[in-house]
Amino acid sequence: ILPRCTVFITGASRGIGKAIALKAAKDGANIVIAAKTAQPHPKLLGTIYTAAEEIEAVGGKALPCIVDVRDEQQISDAVQKAVKKFGGIDILVNNASAISLTNTLDTPTKRVDLMMNVNTRVAHILHIQSPTNLNPVWFKRALLLFFVLLSAYTIAKYGMSMYVLGMAEEFKGEIAVNALWPKTAIHTAAMEMLGGPGIESQCRKVDIIADAAYSIFQKPKSFTGNFVIDENILKAEGIQNFDIYAIKPGHPLQPDFFLDEYPEAVSKKMESTGAVPEFKEEKPQPQPKPRSGAVEKTFRIVKDSLSDDIVKATQAIYLFELSGEDGGTWFLDLKSKGGNVGYGEPSDQADVVMSMSTDDFVKMFSGKLKPTMAFMSGKLKIKGNMALAIKLEKLMNQMNARL
């Protein structure tokens, strides 16, 4: 359906943007690669020029353009180049995004500005964007998630949602404006950053987004103002086997963070992967006696790593409510001189209470599970001072080598 069509894609040098570009290129489409990476990145693969080579290798035509979507002149130049080379633009995909999953006080103003300018700068035909989700259940016990840990990023994403709704109405009958979002985690460089080692087994390939985008491209202009979920639209196209998209077929998948599903469905899904949903009520469990296992060993190493400098820099008491073998209540006191750890309640009131399984606790302290990802997926529940919780994450990073 796309021969000789010109598709302008922001952030097309790698990841989801490049996957959409390659899918369209196989039809013989012209692809405008609008991205910032012109020189190889020390940590991320791909530039606008390597992407252009891949696009032309599968049958498409490519126009690599250096574009920072915050720069109006660079946008204008890229559009003019596209019109001059291909005669116009038929489809625009807004894929470029910026993310910072820090709490409000630890998010620099320049990072907030970056997310606002990149995520809400330009409205396109197709946004790679989550649906607007105002279901009260996500605010009942997850206020920290939306207004502390993710406040700036969430606001930026919701701003994109407003563009979709507004422009779909403004251009009704002329241009279709839709949004596309994954049902599960997608294996990209950003997900590697958030999830750490091993996260790929819980992810799907970028191909599922490319196929879903291709399906949207086939829709008439009357299909507009929709917040499309990748799996849903592909099921409507008759696809039944989604294992083809899995990095590790058969392995439980990480649910996406922003989708609006019934709490019961989310609860069952998260529990099936060992997570504890924020909104699920739990009955008190009897305290098991401490055992000499992985948790005890972890706390022993933590204790050996403590110093007056760490205590002075942290000034917090952490309480861990751990379920499973070697679980129970443990504490990390970083207020007392020299610091202290132990089984049971601390001598003073805890500033932060963290609830999770013993397996996930050990993974978190050893660097195999990032606290941010554990919290966002429901594996870690946090009560108390979030800023102090962030301090503990920094301390974990220092201890990972020993743990």
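Definitions and cut-offs
Residues numbered from 1 in each chain as written. Predicted model: local features only at pLDDT ≥ 70, side-chain atom pairs only at ≥ 80, totals over all residues. Heavy atoms only, no water. UniProt positions renumbered as here; feature names shortened; annotations may be inferred. Helix = DSSP H or I, 4+ residues; strand = E, 2+ residues; numbered from the N terminus. Buried < 20%, exposed > 50% of the residue type's maximum accessible area, 1.4 Å probe, protein only. Contact = heavy atoms within 4.5 Å. Areas by Shrake-Rupley, 256 points an atom, 1.4 Å probe, with all protein chains shown as cover. Pairing = 2+ DSSP bridges. Axes fitted to C-alpha atoms, helices over the stretch in contact; angles between N-to-C directions. Phe/Tyr/Trp six-rings, centres within 6.5 Å; stacked < 30°, edge-to-face > 60°. Polar contact = N/O pair within 3.5 Å; in protein donor to acceptor, adjacent residues only side chain to side chain.

In the nomenclature of an unreviewed UniProt entry, the protein chain corresponds to Hydroxysteroid dehydrogenase-like protein 2 from the organism Macaca nemestrina. Taken verbatim from the UniProt record of the protein chain, the Sequence similarities (unreviewed entry) comment is "Belongs to the short-chain dehydrogenases/reductases (SDR) family." Comment text from UniProt for the protein chain, heading Function (unreviewed entry), reads "Has apparently no steroid dehydrogenase activity. Controls bile acid (BA) and lipid metabolism in response to nutritional cues."

**Focus: the overall build of the protein chain**
In terms of regular secondary structure, the protein chain is built from 16 helices and twelve strands. The buried share of the protein chain, taken over its 403 residues, is 52%. Taking the intrachain contacts of the protein chain between residues at least 6 apart in sequence as the baseline, contacts between residues at least 24 apart amount to 72%. About 19400 Å² of surface is accessible on the protein chain, with carbon and sulfur atoms providing 53% of the total.

**Section: the sheet that holds strand E12 (residues 381–384)**
As summarised here, the arrangement of the five strands in space is E10-E9-E8-E11-E12, forming an open sheet in which the pairing is mixed. Bordering the open sheet on either side are strand E10 (340–343) and E12, each of which pairs with just one other strand. On average, adjacent strands in this sheet sit at an angle of 15 degrees to one another, irrespective of strand direction. Both strand E9 (residues 328–334) and E10 contribute to a ladder of four bridges, which runs antiparallel. Opposite Asp333, over in E10, you have Asn340 as the bridge partner.

**A look at the packing of aromatic side chains**
This model, assessed by the stated rule, comprises eight aromatic pairs. Centroid distance Phe299 to Trp330: 4.9 Å. Interplanar angle 5 degrees. Geometry classified as stacked. Here Phe299, found in helix H12 (residues 294–305), pairs with Trp330, found in strand E9; they are 31 residues apart in sequence, far enough to count as distant. One exposure class covers both Phe299 and Trp330, and it is buried. Residues Phe361 and Phe365 carry aromatic rings whose centres are separated by 4.8 Å and whose planes lie at 45 degrees to one another, so their mutual orientation is tilted. Here the residue Phe361 and the residue Phe365 both occupy positions in helix H14 (residues 358–365), the gap between them amounting to four residues, near one helical turn.

**Quick notes on the side chain of Thr6**
Its location among the elements puts Thr6 in strand E1 (residues 6–10). Judged by its relative accessible area of 0%, Thr6 is buried. Only 3.5 Å separates the side chain of Thr6 from the backbone oxygen of Gly88, close enough to count as a polar contact. Not counting chain neighbours up to four residues away, the residues in contact with Thr6 comprise Asn30, Val32, Phe86, Gly88, Ile89, Asp90 and Ile91.

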